[in-house]
Amino acid sequence: MNAPDRYMVIGNPVAHSKSPQIHMAFAEQTGQDLRYERLLAPLDGFASAVRDFIAQGGKGMSVTVPFKLEAHALADTLTDSAQAAGAVNALKFDDGRIVGDNTDGAGLVRDIAHNAGVPLLGKHILILGAGGAARGAILPLFQAGAASLTIANRTMARASELAAAFSEQGNIRASGFAALEGGFDIVINATSASIDGELPPVGPAIFAPGAFAYDMMYGKEPTVFMRFAAEHGVTARDGLGMLVEQAAEAFVLWRGVRPDTAPVYAAMRACE
Ligand code: ATR
């Protein structure tokens, strides 16, 4: 009998990663014979850890903090979404070649459009934040038919840089928080403010009637941003579904099979 194909999540830290649990659940559900482990790489040892794993016959890796930029630099081939995101969260090893993909944005779009049932076509969307998480979301949101994207950030220069970089992809503009005007159909919090229990400095006027709010962060309790949205009558969802969906996209890249994410999402939610 052949040994199962091997995969890993690589990060530092990595002990908290839910990827092994998610991918093993996908494997079981789809009848794929594979192993999926965690690898804590030294901060200066990302590339050699990847090479070692390839030498051992590894088939692919999930890449988490702080190695997504290094993974982008290391890949021999980048998918369109990895190129646009400037970061890689999934590596596939193909006959010694390293393919880099970024599935975070696709995971976000699928969670909003499919799981939450909120269509993106023709929507005016506000993204709070202009870091890596925001960047990765832009191309997939345009591909899903967003009518406009507004990027608001504490450091205005980063928002302007993103808007300039994607100006040919669609209707995109940058804004400071204080200058935000008008209601948006969908507001996505891509800042890391929720980690510190902080709310980006926005008022309820950012929400159009019937708006939908999404926080890329998740936890046991609703984030501050979700509570803020709910206080103003706006339906809010956290990023647990995005986590499961980005993993599903990586699973498709590796195995060519799409898992059913609903039972895995439910199991993850139950142990949050
Ligand atoms: P990531 O890759 O998760 O996006 P990042 O590149 O460090 O991480 O970006 C973090 C984002 O959260 C940035 O947009 C940051 O704003 P600045 O560019 O002005 O630093 C934003 N952010 C972090 N804490 C915040 C807070 N308390 N309020 C508002 N924005 C915050």
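Going along each chain's sequence as written, the residues are numbered from 1 onward. With the structure being a predicted model, the display of local features is reserved for residues of pLDDT at least 70 and the display and counting of side-chain atom pairs for 80 or more, all residues being used for whole-chain, interface and lining totals. Excluded from the side-chain calculation are hydrogens and water; included are all heavy atoms of the structure.

Colleague: What is the right way to look at the overall build of the protein chain in this model?
Modeller: Elements are defined by DSSP. Helices are runs of H or I of four residues or more, strands are runs of E of two residues or more, and each kind is numbered from the N terminus. Along its length, the protein chain carries 10 helices and 12 strands. For the C-alpha atoms alone, the extent of the protein chain along its principal axes is close to 60 × 40 × 30 Å. Each residue's exposure class comes from its accessible area (1.4 Å probe, protein chains only) as a fraction of the maximum for that residue type: buried when under 20%, exposed when over 50%, partly exposed otherwise. Of all 272 residues assigned to the protein chain, the portion counted as buried reaches 51%. For this analysis, residues touch if any pair of their heavy atoms sits within 4.5 Å. Sequence-distant contacts in the protein chain: of pairs separated by 6 or more residues, those separated by 24 or more amount to 64%. Residue burial considers only the protein chains on display, and all accessible areas are found by Shrake-Rupley using a 1.4 Å probe. Surface accessibility of the protein chain: about 12,100 Å² in total, with carbon and sulfur atoms responsible for 52%. On the protein chain, the mean spot of the 21 positive side-chain charges and the mean spot of the 28 negative ones are 2 Å from each other. Think of it this way: Lys and Arg go in the positive column, Asp and Glu in the negative one, and His and the chain ends go nowhere. Here the site of a charge means atom NZ of a Lys, CZ of an Arg, CG of an Asp or CD of a Glu.

Colleague: Where do I start with the packing of aromatic side chains in this structure?
Modeller: The geometry of an aromatic ring pair comes down to the distance between the two centres and the angle between the two planes. Here a Phe, Tyr or Trp ring, Trp counted by its six-membered ring, pairs with any other such ring whose centre lies within 6.5 Å, and the pair is stacked when the planes are under 30 degrees apart, edge-to-face when over 60, and tilted otherwise. Per the stated rule, a full pass over the model turns up 7 aromatic pairs. Ring geometry for Phe53 versus Phe93: centroids 6.3 Å apart, planes at 75°, classification edge-to-face. Of this pair, Phe53 sits in helix H2 (residues 46-55) while Phe93 sits in strand S5 (residues 90-94), and the two are 40 residues apart along the sequence. Both residues of the pair, Phe53 and Phe93, belong to the buried class. With 6.4 Å between their ring centres and 50° between their planes, Phe212 and Tyr214 make a pair best called tilted. Exposure remark for Tyr214: the relative accessible area of 0% places this residue in the buried category.

Colleague: Would you explain helix H8 (residues 224-231) in this entry?
Modeller: Residues spaced three or four apart along an α-helix point in a common direction, a consequence of the helix completing one turn every 3.6 residues. Among the residues of H8, those classed as buried are Val224, Phe225, Met226, Phe228 and Ala229. Structurally, H8 contributes buried residues whose contacts are with strand S7 (124-128), strand S10 (184-189), strand S11 (207-215) and strand S12 (235-237). Gly233, located one to two residues past H8, shows a positive phi value of around 75°.

Colleague: How should the domain arrangement of the protein chain be read in this particular structure?
Modeller: Frequently, the measure chosen for interface size is the accessible area that the parts lose on association. Domain start and stop positions are those given by an automatic or database domain assignment. Along its sequence, the protein chain is carved into domain 1 (5-102) and domain 2 (105-241). Distance between the C-alpha centres of domain 1 and domain 2: 27 Å. Contacts between domain 1 and domain 2 engage 7 residues on the former and 6 residues on the latter. Each reported salt bridge corresponds to a side-chain nitrogen of Lys or Arg within 4 Å of a carboxyl oxygen of Asp or Glu. On the surface where domain 1 and domain 2 come into contact, there are 0 salt bridges. Side-chain atoms alone can form a polar contact between residues adjacent in sequence; in general such a contact is a pair of N or O atoms within 3.5 Å, and within protein one must be able to donate a hydrogen while the other accepts it. Our enumeration of links across domain 1 and domain 2 arrives at 0 residue pairs in polar contact (both at pLDDT 80 or more). Each residue receives one of three labels: charged for Asp, Glu, Lys and Arg, nonpolar for Ala, Val, Leu, Ile, Met, Phe, Trp, Tyr, Cys and Pro, and polar for the others, Gly being one of them. Classifying every residue of the side of domain 1 that touches domain 2 by side-chain character gives 2 nonpolar, 3 polar and 2 charged.

Colleague: Any chance you could explain the site of the ligand here in plain terms?
Modeller: The full set close to the ligand counts 13 residues, and Asn153, Arg154, Thr155, Arg158 and Glu198 are the nearest of them. Asn153 places a polar side-chain atom, nitrogen or oxygen, 2.7 Å from an oxygen atom of the ligand. The separation between an oxygen atom of the ligand and a polar side-chain atom of Arg158 is 2.8 Å. Bound to the protein, the ligand loses 74% of the 650 Å² it would expose on its own. Across the shell around the ligand, the residue classes tally to 3 nonpolar, 7 polar and 3 charged. When at least one non-hydrogen atom of a residue lies within 4 Å of a molecule or strand, that residue is treated as near it.

Colleague: I would appreciate a short explanation of unusual backbone geometry in the present structure.
Modeller: Trans is the prevailing form of peptide bonds, just as negative phi is the prevailing case for residues other than glycine. Note the cis peptide between Asn12 and Pro13, where omega equals 5°. With respect to the element layout, Pro13 can be found in the loop between strand S1 (5-11) and helix H1 (19-30). Of note, the bond from Val65 into Pro66 is cis; its omega dihedral lies within 30 degrees of zero at 5°. Relative to the assigned elements, Pro66 resides in the loop between strand S3 (60-63) and helix H3 (68-74). The backbone of Asp95 shows a phi angle near 55°, a positive value even though the residue is not glycine. With respect to the element layout, Asp95 can be found in the loop between S5 and strand S6 (97-101).

Colleague: Please clarify how the sheet that holds S6 should be interpreted in this entry.
Modeller: Strand pairs in the sheet, formed through backbone hydrogen bonds, run parallel or antiparallel to each other. As summarised here, the arrangement of the 6 strands in space is S2-S1-S3-S5-S6-S4, forming an open sheet in which the pairing is mixed. Across the chains shown, the open sheet's two edge strands, defined by having one partner strand only, are strand S2 (34-40) and strand S4 (77-78). Note: two strands are recorded as paired if DSSP finds a minimum of 2 bridges between them. Pairing of S4 with S6, which is carried by 2 bridges, proceeds in the parallel orientation. Among the inter-strand pairings, Thr77 is bridged to a residue of S6, identified as Val99. For helices, the axis comes from a line fit to the C-alpha atoms of the stretch in contact; other axes are also lines fit to C-alpha atoms, and the angle between any two N-to-C directions lies between 0 and 180 degrees. Across the sheet, H2 touches S1, S2, S3, S5 and S6, and the angle it forms with S1 is around 175°. Contacting S1, S2, S3, S5 and S6, helix H9 (residues 240-255) crosses the sheet at an angle of about 5° to S5.

Colleague: Help me out: how do you make sense of the side chain of Thr150 in this one?
Modeller: You can see Thr150 is positioned in strand S8 (residues 148-152). By relative accessible area, Thr150 is classed as buried at 3%. Thr150 has contacts with Ile125, Leu126, Ile127, Arg173, Ser175, Leu180 and Phe184, leaving out every residue within four places of it along the chain.

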